[in-house]
Amino acid sequence: MLKIIIMFCLLFVDTLLSKNLEKVSLHLQRLDQFQFAGYYIAKEKGFYKDNGLELEIKKFDYSISPVNEVVNKKATYGIGISTLVINKSNGKNIKLLASIFQSSPSVLLAIKDRGIKTISDFKNKRVMFTTDESESAAVHAMIIKHGISKNDMVIQDHSFDINDLINKKTDLMSSYISNEPYALKQKGFEPIIFDSKDYGFDFYSDILFTSDDEIKNHTQRAINFTKASIKGWEYAFNNIEETVELILKKYNSQNKTKNALIFEANELKKLAYYKTKELGHINYNKIQRIYDVYNLMGLIKKPINLDNFIFHDDKYFNKLTNAEKKYLKNKKELTVCVKKGWLPYESIIDGKFVGMSADYLNLYSKKLSIPLKIITANTQIEVLKLLKEGGCDIKPMMGTQKRTRLQYIPTKSQISDQIVLVTSIETPFINDLKTLNKTILMEKGFNRFFNIIKNNYPNIKIKEVDNIDTALNLVASGKEYGYISTSFASAYQIQKKYSTKLKIVNDFKKLQLGIGVIKNEPILLDILNKVISTTTTKEKNIILNNWIAATIEKEKDYTLVWQIIIISLLIIIIFAYWAIKYKKEVQKRKDAETKVMELNYALEYKYKVALKDLKHAQKIAKIGSWKLNINSQKLTWSDETYRIYDFIKRNDRVLEMKDFLSFIYPYEGLEYFDLYNHHLKTKEPYNTIYRIKTRKDNVKWIEERCETTFDEDGNPLVSTGTIQDVTEHKKLELEIQSKDKQMLHQSRLALMGEMISMIAHQWRQPLTAISARVNNLTFKIMMGEELDKELFQKELDHIGEYSQHLSKTIDDFRGFFDKDKTKEVTTLEDIVNSTLNIVQTSVENKNIKIITNFNCKEEFETYPNEIKQVVLNLIKNAEDILIEKELKDPTITIETNSTDKSHKVLIIKDNAGGIPEDIIDNIFDPYFSTKKEKDGTGLGLYMSKTIIEDHCKGRLSVSNDNDGAVFKIVL
C-alpha cells in the first residue's frame, strides 16, 4: 500500500512539474553533428528543464527554411547564418540572441591538382551551394572582391556528398572547415580550402535567433533558453569525449566516426572562442560590418535598426537615449588608463587587464557592446601624468569627490572602501590616532590621502615610497612603523604575503569609489552612471568575492516560494521512496549474498551440479563471486565478476593477483591486502569498499564481502567472496557529505564574523582599564610623587588580571572552532558559561539582560565545541530580534534541566513575542531566513539542527510561549 501511495505521489509531482515546463522548439539548419552539440547537451543534461523549458529539436530538412519556421511560429527558435541580416531587411520579424561561432566555419573546398589554385580560377567552374550559403556575406564577398560574380560560375544544388567532388561531378563545394576537409583527407585526397577570413571577411555563424513576438510576449523565456543553450555549449567544449559519445549514441544520423566528430569538435571550439572568451557574444560593430557588406552587394532591400535587431537582455539598455546609443555606435572603443601592480583594484598580468576595476569595466563593456583599449602605466605618477593630459576616456577607479586638477569627473559610487593604517602584528592597539606621533609610509601620487592625514592628524609624519610592496616590506621587517593605504589594497597584499606579520589596526575615513570619465565626454558619464545603477548586488558581490575573501549572501526571491515548496516536497518524497527501495534492495542483496555464499561453499564439492544455479542467482542479484585456493594461489571469478570489474575474460591461463592489482587504486590496493591478511589472522569475515579504474578510465566503487575456510590446525584453505557495484550509492553519499561540509563552512564563517565583533567588545573594557592604570602610574612618576609600594603592587595586580582576561578570551576564541575528534566529559553549565565568556559583554552592551538558571549539574560525554556553536547562534539570533523589536526590557533566559539520568535539557528563550506561526515550521530549512537580505544566509539554524541531531545525536526544537520563542536542546 505504501509503495502505491509513493508511486502515486511521484506520478502526481512529475505530472505537475511537467505541466509547468514550457514547450519550445529549435529548428536546426544542418544535419546532426557536433555543430549542434551544445543544444543536445543542454537537453540531455536537463539544463533546459532547470530553466522551466521542455525542448523539441526539429531536424534539418532541405525544403524547409528555419527562418520561415520561426516567423510562422512553427518553431520557437532557429539557427541561422549571417544571411539573417538579409532576412531582416526583407521584413522578417526576427531577433538575434547569440552567435555560437565568432568566425564562420563556411569555406569553399576543392581538390588539389585539379586546376583551381586561386579565386580567379573559379570562372566557369561548377560550384555547389545551398540557398543560404550562396548569399553568405563572407563567401560571397570573398568571391566578389576578386572580380568573380555568380554569373561567372555554374551554380549547382548542394548534394552534401563529398564523393561528388571526388568523382568530378562538381569542381567546388561549400562546406564546413570542421567536416568535409577531414573526410576528404580520410579518402586520400589533398583539400584546397578557401576561407573567407583569410581574405578579410570574418563574420558570425550559427546564430541563435527567435521572432519579435517571442521577445515581446516571452522575454524571460528567451533569456532562459539562451542561458541554458550557452551552458550546454560550455559543457560540450569542456567535455568533448563525453559529448561525442552522446552524439554517436543518439544524434548520429550521418553515421560519422568518433575521430571525425572529435576533429569537428576541436575545430569548432577554435571558432567559438575566436578572439573572445565569452561564448555566444554578439558585437554591434561586427553586425554593422556584415550589414555594410550586404548593402554594398545590393542585397539589402530596406534599412534596418541594428539596435532592435540584436536582443539585449539587460534592462538598462532600453533606458539609453537615442543620443547615447548613437554615441556608443560611433565611439567604437573606450580607452582606459591602467596602473600596473595595484591589485586588487587593477593591474596588467600576462598582458591582460585584471582586478576589481577590470571585472566592473568588462561587465559594462559587455552590456554596452563596446570594447576596451588598455593603456598601461607602471606607477601612480605615470597614471596622473596621463590623466592630466587627458590621454584616456576612463580612469578605472576614482573617488566620487570631484577634483579640479584632473581632467576627469567621477561617476556615482560602485565600491565602498576606506583609508586604513597597517602595522606590524606585534604593534599594540592604538586608542586614539590623534595622539600618534610616528612616521608613516604612503605611496607617491596619492596626494588626496596625504592631505586628509595632514589636516586631521598633525602629529603623524608622512614618508613617501614608490609602491605598496616596498612599504609593506619595510613595515613587516620592523624598519618602519606603519603604512597608510586603502582597506582592499592592504587586505589583498596582507592576505597574499604577510598574513602572519601585518595587520590593519585603524581606519581613518570612508571612501566611495566610482569611475573617472574625461570631462569633455558628458554623454559617456551619463551612460556609465546608468549602467552602474543597474548593477545588481549579486554582480557586485561576485566581483568582491573574486578579490577579497568574503561570504556572498544569496538574494531572495519570495515570488518563488510555491516552487520551493513543490521542489522540497518532491525531494522529501524521492528520498522516502529511495530509502524504502534501498532498504528492500539491501535485504534482497543480503538474501542473494547468502544464497551466493552457500553456493560458493558447495562449489568445492559439487561444482558441476551447482554452477548453473550459481550463475543464475548472481545474474538476478547482480552480484559477482570469486574464489582463491590459498595453497595453489589459483584465483577464479564468476562471469558477473568479470562484468562488474570490466575485465576481459581469459581462457588461456589462470588469473594471478597482479591482474587484480592492475586496476585497483594503488593505495587502496595496499589497504586491501592489509585487510585480507588481518582477516586470515582473526578468521573473522570482512566487508570493505574500494575503488577501481575500468578500461575506459571510469571509476567504480566496489563493495566486497569475504570468508575463509580453515583446516583443523587453523591453516587457511579457501577464501570465497562476493562483490557488488555500489558506485551510484557512493556518489550520492559523497555528494551529500560535500553539501553538508559546504553549508557547515558557510555557517562557521558567519559565526566567526560575529565572534570577532564580540571579542572586540570583550577587549575594549580591559584595554581601557589597563591604559588608565598605566597612565595613572606614569602621571605620578612624572609629577615626582613618591610611589606607595602597596599601591604600586595593587595596580600591577589589576593589570595582570586584565591581561589574563584578554589571554583567556583569545584561548576561548581559538578553541571555539576546533573540531571535536573525541567526546569529552562536561556539563551544560560549563558549555553555557564558556559561550557567555565570548558573547555576554557584547549582548549586555546593547542593554539586553541575560538571565541564567542552572538546574542540571550532571556530567556527560559529548562534543562541547559543537554545542557551543549552537548556543552562540541561538543567543545571537535572540539578540538580533530583540534589537529589531526595540523592547523596553529585552531579556534572554538560559535554563538547564534534566528529565532523567540520561537526558540533559538546555532551553534558550527571549521575550520578543515569538515566531510567526506561518513560518515556524520552516526556520530549520537550509537558506530560509527571516533577516534582511544583507544580514542572514539562512544556514545558522539549519546547521544548528544538523550539529545537535546528526553529530551529537540529540534533538533541537522550537516553540512559542507567552513571551517569545523557546529553543529546546535535549541531549
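Data block above holds the structure.
Calculation criteria
Residues numbered from 1 in each chain as written. Predicted model: local features only at pLDDT ≥ 70, side-chain atom pairs only at ≥ 80, totals over all residues. Heavy atoms only, no water. Salt bridge = Lys/Arg side-chain N within 4 Å of Asp/Glu carboxyl O. Helix = DSSP H or I, 4+ residues; strand = E, 2+ residues; numbered from the N terminus. Buried < 20%, exposed > 50% of the residue type's maximum accessible area, 1.4 Å probe, protein only. Disulfide = S-S within 2.5 Å. Core = buried A, V, L, I, M, F, W, Y, C linked by side-chain atoms within 4.5 Å. Contact = heavy atoms within 4.5 Å. Pairing = 2+ DSSP bridges. Axes fitted to C-alpha atoms, helices over the stretch in contact; angles between N-to-C directions. Phe/Tyr/Trp six-rings, centres within 6.5 Å; stacked < 30°, edge-to-face > 60°. Lys NZ or Arg CZ within 6 Å of the ring centre and 35° of its normal. Patch = residues over 30% accessible without salt bridge, like charges linked within 9 Å, V, L, I, M, F, W, Y side chains within 5 Å. Areas by Shrake-Rupley, 256 points an atom, 1.4 Å probe, with all protein chains shown as cover. Lys, Arg positive; Asp, Glu negative; His and termini not counted. Charge placed at Lys NZ, Arg CZ, Asp CG, Glu CD.

(A) Fine view of the pattern of salt bridges. Per the stated rule, a full pass over the model turns up 30 salt bridges. In this structure, the salt-bridge partner of E879 is K876, at a minimum N-O distance of 2.7 Å. Taken together, the residues E879 and K876, both in helix α31 (residues 864–885) and three residues apart, mark about one turn of the helix. Its relative accessible area of 5% is what places K876 among the buried residues.

(B) Focus on the state of the cysteines. Tallied over the entire structure, the rule returns one disulfide. Across a sulfur-sulfur distance of 1.8 Å, C337 and C392 are joined as a disulfide pair. Given an S-S torsion of about 80 degrees, the disulfide between C337 and C392 has right-handed geometry. Within this pair, whereas C337 is found in strand β11 (residues 334–339), its partner C392 is found in the loop between α18 (380–388) and β15 (394–399), the two being separated by 55 residues in sequence. As far as burial versus exposure is concerned, C337 and C392 are alike and both buried.

(C) Here's a closer look at the nonpolar core. Within the largest apolar cluster, 67 residues are counted, with the highest numbers of intra-cluster contacts made by Y364, I394, L421, Y483 and L528. In terms of residue count, helix α17 (residues 356–368) provides more of this core than any other element does, seven residues in total. The residues touching Y364, leaving out its near neighbours within four places in the chain, are Q414, I515, V531, I532 and T535. Grouped together as the second largest cluster of nonpolar side chains are 46 residues, Y39, A98, F237 and L279 included.

(D) Structural view of the sheet that holds strand β8 (residues 172–176). The mixed open sheet is built from five strands, whose spatial order is β7-β6-β8-β5-β9. Edge strands, defined here as strands with exactly one partner in the open sheet, are β7 (154–157) and β9 (191–195). Averaged over neighbouring strand pairs, the angle between their axes works out to 35 degrees when direction is ignored. Sheet analysis places strand β5 (residues 106–111) next to β9, joined by five bridges and oriented antiparallel. Bridged to L109 within β9 is I193.

(E) Looking closely at the packing of aromatic side chains. Under the counting rule described, the total for this entry stands at 17 aromatic pairs. Ring geometry for F34 versus F237: centroids 6.2 Å apart, planes at 40 degrees, classification tilted. Within this pair, whereas F34 is found in the loop between β1 (22–27) and α2 (37–44), its partner F237 is found in helix α11 (residues 219–238), the two being separated by 203 residues in sequence. By the burial criterion, F34 is buried, and F237 matches it. Plain terms: the ring middles of W342 and Y345 are 4.7 Å apart, the flat faces sit at 45 degrees to each other, and that makes the pair tilted. By relative accessible area, W342 is classed as buried at 10%. Judged by relative accessible area, which is 0%, Y345 ranks as buried. Put simply, the rings of F34, Y39, F101, W233, F237 and Y273 touch in pairs and so form one group of aromatic residues. When the ring centre of Y274 is taken as reference, the NZ or CZ atom of K197 above it lies at 5.8 Å. Here the basic side chain of K231 rests over the ring of F47, its NZ or CZ set 4.6 Å away from the ring centre.

(F) Broad picture of the environment of P916. Looking at the secondary structure, you find P916 in the loop between β31 (903–910) and α32 (940–951). Here the alpha-carbon distance between P916 and A965, two residues 49 residues apart in the chain, equals 9.6 Å.

(G) A look at the pairing of strand β23 (residues 634–637). Where burial is concerned, the two faces of β23 differ: the one with L635 and W637 is buried and the one with K634 and T636 is not. Joining the antiparallel neighbours strand β22 (residues 624–629) and β23 is a turn of four residues, in which Q633 adopts a positive phi near 60 degrees.

(H) Representation of the sheet that holds β1. One open sheet holds the five strands; their spatial order is β2-β1-β3-β10-β4, and the pairing between them is mixed. Two strands close off the open sheet at either side, each with one partner strand: β2 (53–58) and β4 (94–101). Each strand axis lies, on average, 25 degrees off the axis of its neighbour in the sheet, ignoring direction. Where β1 lies against β2, six bridges are found, and the strand directions are parallel. Paired with V24 across the two strands is L55, which belongs to β2. Where α11 meets the sheet, its contacts fall on β1, β2, β3 (77–80), β4 and β10 (205–211), and the angle it forms with β4 comes to roughly 10 degrees.

(I) Just a positive patch on the surface, in detail. Taken together, the side chains of K275, R289, K326, K329 and K332 define a basic patch exposed on the protein surface. Relative to the assigned elements, K332 resides in the loop between α16 (322–331) and β11.

(J) Seen up close, unusual backbone geometry. A cis amide bond links L343 to the next residue, P344, at an omega of 10 degrees. Phi is positive for K168, close to 65 degrees, though the residue is something other than glycine. Positive phi outside glycine occurs at D206, with the angle close to 50 degrees. For D206, a relative accessible area of 2% translates into the label buried.

(K) Region of interest: the environment of L320. As for its placement among the helices and strands, L320 is situated in the loop between α15 (306–309) and α16. When sequence neighbours within four positions are dropped, the list of residues in contact with L320 reads K325, L328, L368, I527 and K530.

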